[in-house]
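One-letter residues, chain by chain:
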Amino acid sequence: MKSIILIAPPSAGKGTISKMLCEKYHLPHISTGDLLRSAVENDDEQGNYIKQQMNLGKLVSDDIIISLVEKRILDNDCANGYILDGFPRNLTQLKKYESFLINENKDLGVNILLDISYEQAKGRILGRVSCPKCGTVYNIYTSDARPKVFGICDKCGSDLIRRSDDTEEVFKERYATYLNETKPVADYFKSQNRLHVVDSSIEISKVFEQIERILEKEND
Ligand code: AP5
């Protein structure tokens, strides 16, 4: 199976769709946001720097991210493909990643943009809660993403939490970072005819169906 890159503005649904793809296609999910949130827990100098950048809605340095991602992709469970959620996030990361793939003799994969308006993405952020243990993402305002019991993860029973960067103010910065840094990555794939655009403003199952169709064709 080809690897998948999900590109999107903040809170467009990358994490939600990644979990569904993992379950259906048994691919490992590499979320740079999750890798960084784990690094923050170390509470050392690097962890504090990462926390500060995330809470400002700014990108963490390319060197930290690229080494985390490349190391993870070389793990055995990624040999038959993986899902990249949140990477590459700028043109430097993209160039390094593509050189890495060429050196490792790996396929360039399938690039999918989850398309959503600013207002809709902002609305989603305010209702998001997630499980710190298994990573499942919920939304208290969305009927098909609400936990069965308020505040408790359906999958593992842990207490759900809100992310510290899920405020309106930080969202604005994250969105600006997306436009300035990450949208050029999507534009690059588009210029090479290697971008699939999916409407992410509709209900989750319908977003997923669009992606299933793309993957069927790409893996034919
Ligand atoms: P990251 O964790 O990647 O945050 P993000 O890109 O802002 O994306 P989110 O996790 O907020 O949203 P999502 O698209 O996964 O949406 P979700 O599925 O949760 O990065 C955080 C920070 O880390 C960055 O700001 C940066 O500082 C740093 N970082 C990360 N990667 C980096 C990199 N490569 N380089 C440098 N720095 C990096 O969905 C959102 C909500 O909507 C949920 O509540 C969900 O239930 C709901 N929802 C989802 N889909 C639907 C739907 N179709 N209908 C209704 N509700 C829906």
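The rules behind the values
Residues numbered from 1 in each chain as written. Predicted model: local features only at pLDDT ≥ 70, side-chain atom pairs only at ≥ 80, totals over all residues. Heavy atoms only, no water. Pairing = 2+ DSSP bridges. Helix = DSSP H or I, 4+ residues; strand = E, 2+ residues; numbered from the N terminus. Axes fitted to C-alpha atoms, helices over the stretch in contact; angles between N-to-C directions. Salt bridge = Lys/Arg side-chain N within 4 Å of Asp/Glu carboxyl O. Buried < 20%, exposed > 50% of the residue type's maximum accessible area, 1.4 Å probe, protein only. Contact = heavy atoms within 4.5 Å. Polar contact = N/O pair within 3.5 Å; in protein donor to acceptor, adjacent residues only side chain to side chain.

Enquirer: Outline the sheet that holds strand S3 (residues 83–85), listing residues and values.
Expert: Taking strand neighbours across the sheet as the criterion, the five strands line up as S2-S3-S1-S4-S7 in an open arrangement whose pairing is parallel. Lying at the two open borders of the sheet, with one neighbouring strand each, are strand S2 (29–31) and strand S7 (196–199). For this sheet, the mean inter-axis angle between neighbouring strands, taken without regard to orientation, is 25°.

Enquirer: Explain the pattern of salt bridges to me, and be specific about the residues and the numbers.
Expert: Tallied over the entire structure, the rule returns 15 salt bridges. Here arginine 72 ties to aspartate 75 by a salt bridge, and the two come within 3.1 Å at their closest N and O atoms. Assessed through its relative accessible area of 37%, aspartate 75 is described here as partly exposed. For arginine 174, the salt bridge goes to aspartate 165, with nearest N and O atoms at 3.8 Å. Of the two residues, arginine 174 and aspartate 165, both sit in the buried class.

Enquirer: Residues and numbers for the environment of aspartate 85, please.
Expert: Within the secondary structure, aspartate 85 is located in strand S3. Sequence separation of aspartate 85 and glutamine 46 is 39 residues, and the distance between their C-alpha atoms is 22 Å. Leave out the neighbours within four places in its chain, and aspartate 85 touches Leu6, Lys14, Gly15, Ser18, His29, Ile30, Ser31 and Thr32. Side-chain polar atoms of aspartate 85 contact the side chain of histidine 29, separated by 2.9 Å.

Enquirer: Break down unusual backbone geometry for me, citing the residues and quoting the values.
Expert: Glycine aside, the phi torsion of most residues is negative, and most peptide linkages are trans. Going from phenylalanine 87 to proline 88, the amide bond is cis rather than trans, its omega being -5°. With respect to the secondary-structure elements, proline 88 resides in the loop between S3 and helix H5 (91–103). Look at serine 11: it is not a glycine, yet its phi comes out positive at around 60°. Residue placement: serine 11 occurs in the loop between strand S1 (4–7) and helix H1 (14–25). Its relative accessible area of 12% is what places serine 11 among the buried residues. At asparagine 193, a position not held by glycine, the phi torsion is positive, near 60°. Along the chain, asparagine 193 turns up in the loop between helix H7 (168–191) and S7. Look at asparagine 193 and you get exposed, because its relative accessible area is 76%.

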